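# Examination of the molecular architecture
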Amino acid sequence: MTARTQRTRLFAAGVAAVSVSLVLTGCGSSKSGSSTGANASATVPAVTSDASLAALVPADIKSAGKIVVATDASYAPNEFKDDKGAIVGMDVDLANAIAKKLGLTADVQNATFDAIIPGITGNKYTMSMSSFTDTKEREASVDMVTYFSAGTGAAVKKGNPEKIDPTDLCGKKVAVQTGTTQADAIKDTINPACAKAGKPTIPNDGDKFDLQTDVTQSLVSGRDQVMLADSPVVDYAIKQTNGQLEKIGQVTDTAPYGVVLAKNSPLTKAVQGAIQSLMADGTYKSILEKWGVQAGAIDKSAVNGAAS
């Protein structure tokens, strides 16, 4: 959502079990990724162009030979920078595979999360793969092509020394990434419920950071008591911080991620077809297994399939 249309859906009122998995700055390497069940050095089967799908690509994009893909490279294992500064991750591999199916290459560019959808609507980027949850709100301004399923989780310091209850975050110091669904949930759902119950609200509608890595760091340093983020990101952050953090509560509000494209883009159908083809030929499964996120696999891609 940019607005910042958060990466995950809003919580049910009063049930704020949100999962945040962020990587500490300097920890987002392919080497550390191996401790999650991910194997960043694994190879993915070669992808060849599909003539029928390539025929759906608009002439201007076909002429350029590439798709400009925006991603916020601070959200490991979905999108982050490795030790050499290259942008890697599940979404990056999928973007490259989609482009190849369409006879194109993917020009993946780093961008702050809340600037991505305006960049799509302003024609700066062709599409985005950046862990965007498909929501009705986002669908009002852009097309969303589903490709993965994730929920929200919560993490605290190992041992939960402050006895944080993920279903009652009222008055707690909560770290979130700016513009995420988690940030919106605090403002629109959790804090109003706290106020209605006569409890203190989460200060400042959450301690907000532009980068997920900084969210994780704020929890590790003790600045905040709990962080909220997408479930695969929380899991990855816990591994990368070498046991300094742990997940609490259950993953909630599971919903699909969507590739973001301009509203009514002629490329939307081609991207959906490419994703479905990657699912059919096994490439999709191989990429998810490479990053240890196969639990979020779906078997059918949809255009603008948000339930809420």
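Since the structure is predicted, the reported quantities are computational estimates derived from the model, not experimental observations.

## What to know about the overall build of the chain
Helix and strand counts for the chain come out as eleven helices and eleven strands. Out of the 308 residues belonging to the chain, those deemed buried represent 55%. Sequence-distant contacts, at least 24 apart, represent 82% of the contacts inside the chain between residues at least 6 apart. Carbon together with sulfur atoms contributes 50% to the accessible area of the chain, which is approximately 11,800 Å² in total.

## What about the packing of aromatic side chains?
All chains considered together, the criterion is met by five aromatic pairs. Ring pairing ties together the aromatic residues Phe80, Tyr236 and Trp291, which thus form one cluster.

## So, the sheet that holds strand E9 (residues 207-209)
On the basis of which strands lie adjacent, the open sheet formed by eight strands has the order E5-E1-E6-E11-E7-E10-E8-E9 and mixed pairing. The sheet terminates laterally at strand E5 (105-110) and E9, the two strands that pair on one side only. Judged from the 13 bridges that link them, strand E7 (residues 142-157) and strand E11 (residues 245-262) form a sheet pairing that is antiparallel. Across the sheet, Thr146 pairs through a bridge with Gly258, a residue of E11. Strands in contact with helix H4 (residues 90-101) are strand E1 (66-71), E5, strand E6 (127-128), E7 and E11; relative to E5, the strand with the most contacts, it is inclined by about 150°.

## Regarding the pattern of salt bridges
A full pass over the atoms with the stated rule returns nine salt bridges. The salt bridge involving Lys263 is made with Asp143; its shortest N-O contact spans 3.6 Å. Taken together, the positions of Lys263 in the loop between E11 and helix H10 (268-281) and Asp143 in strand E7 put the pair 120 residues apart, joining distant regions of the chain. Note on Lys263: relative accessible area 33%, which makes it partly exposed. The salt bridge partner of Asp168 is Lys199, with a shortest N-O separation of 3.0 Å. One end of the pair, Asp168, is in the loop between E7 and strand E8 (174-177); the other, Lys199, is in the loop between helix H7 (181-196) and E9, and 31 residues separate them in sequence.

## Some details on helix H8 (residues 212-221)
The buried fraction of H8 amounts to seven of the ten residues, a majority that puts the element mostly inside the structure. When H8 is considered as a whole, its buried residues turn out to be Gln212, Thr213, Val215, Thr216, Ser218, Leu219 and Val220.

## Remarks on the nonpolar core
If you look at the biggest cluster of nonpolar residues, it comprises 55 residues, and the most contacted ones within it are Met90, Leu102, Met127 and Val271. The residues touching Met127, leaving out its near neighbours within four places in the chain, are Ile67, Val68, Val69, Ala70, Ala95, Ile98, Ile120, Val259, Val260, Leu261 and Val271. The next biggest cluster of nonpolar side chains, apart from the first, holds 15 residues, and it includes Val156, Leu169, Ile190 and Ile202.

## Topic: the side chain of Gln225
Along the chain, Gln225 turns up in the loop between H8 and strand E10 (226-230). At 2.5 Å, the side chain of Gln225 and the side chain of Glu162 are in polar contact. Polar contacts involving the side chain of Gln225 include one to the main-chain amide nitrogen of Lys173, which spans 2.7 Å. Excluding residues within four positions of it along the chain, Gln225 makes contact with Ala155, Val156, Glu162, Ile164, Lys172, Lys173 and Leu219.

## Notes on the sheet that holds strand E2 (residues 74-75)
Read from one edge of the open sheet, three strands run E2-E3-E4, paired in antiparallel fashion. Across the chains shown, the open sheet's two edge strands, defined by having one partner strand only, are E2 and strand E4 (87-88). Pairing between strand E3 (residues 79-81) and E4: two bridges, direction antiparallel. Bridge pairing in E4 links Phe80 to Val88.

## As for the confidence of the model for the chain
Residues of the chain with pLDDT of at least 70 account for 87%, and the chain-wide mean is 86. Every residue in residues 1-36 scores below 50 in pLDDT, and together they form 196 contacts with partners more than four places removed in sequence or on other chains.

## Thoughts on the environment of Val156
Its location among the elements puts Val156 in strand E7. Under the relative-accessibility criterion, Val156 is labelled buried at 1%. Between the C-alpha atoms of Val156 and Asp224, which are 68 residues apart in sequence, the distance is 8.9 Å. Ignoring sequence-local partners within four residues, the contact set of Val156 consists of Ile164, Leu219, Gln225, Val226, Gln244, Leu245, Glu246 and Ile248.

## With respect to H4
The α-helix winds at 3.6 residues per turn, so residues separated by three or four positions along the chain end up facing the same way. With twelve residues, H4 extends 17 Å from end C-alpha to end C-alpha; this agrees with the ideal 16 Å at 1.5 Å per step. Taken across its twelve residues, H4 has ten buried, putting it largely inside the fold. Here H4 has its buried residues at Met90, Asp91, Val92, Asp93, Leu94, Ala95, Ala97, Ile98, Ala99 and Lys101.

About the criteria used
Residues take numbers from 1 onward in each chain, read along the sequence in its written order. Side-chain atom pairs in this predicted model are given and counted only at pLDDT of 80 or more, local residue features only at pLDDT of at least 70, and totals for whole chains, interfaces and linings cover all residues. The basis for the side-chain values is all heavy atoms of the structure; hydrogens and waters are excluded. Under the scheme used here, helices are H or I runs from DSSP no shorter than 4 residues and strands are E runs no shorter than 2 residues, and both carry numbers assigned from the N terminus. Each residue is assigned to one of three classes by its accessible area relative to the maximum for its type, calculated with a 1.4 Å probe on protein chains only: buried under 20%, partly exposed between the two thresholds, exposed over 50%. Pairs of residues are marked as contacts when any of their non-hydrogen atoms sit within 4.5 Å. Per-residue and other accessible areas were derived by the Shrake-Rupley procedure at a 1.4 Å probe size, with only the shown protein chains allowed to occlude residues. The criterion for an aromatic pair is that two Phe, Tyr or Trp rings (for Trp, the six-membered ring) have centres within 6.5 Å, with stacked assigned to planes under 30 degrees apart, edge-to-face to planes over 60 apart and tilted to the rest. Strand pairing follows a simple DSSP-based rule, namely that at least 2 bridges must link the two strands. Angles shown run from 0 to 180 degrees and are taken between the N-to-C directions of axes, each axis being a line fitted to C-alpha atoms and, for helices, limited to the stretch in contact. By definition here, a salt bridge exists when the distance from a side-chain nitrogen of Lys or Arg to a carboxyl oxygen of Asp or Glu is within 4 Å. To define a nonpolar core, start from buried Ala, Val, Leu, Ile, Met, Phe, Trp, Tyr and Cys residues and group those joined through side-chain atoms within 4.5 Å. Polar contacts here mean pairs of N or O atoms no more than 3.5 Å apart (in protein, one a potential hydrogen donor and the other a potential acceptor; neighbouring residues in sequence count only if both atoms are side-chain atoms). The predictor attaches a confidence to each residue, called pLDDT, with possible values from 0 through 100. Each residue after the first adds 1.5 Å to the expected span of a helix.

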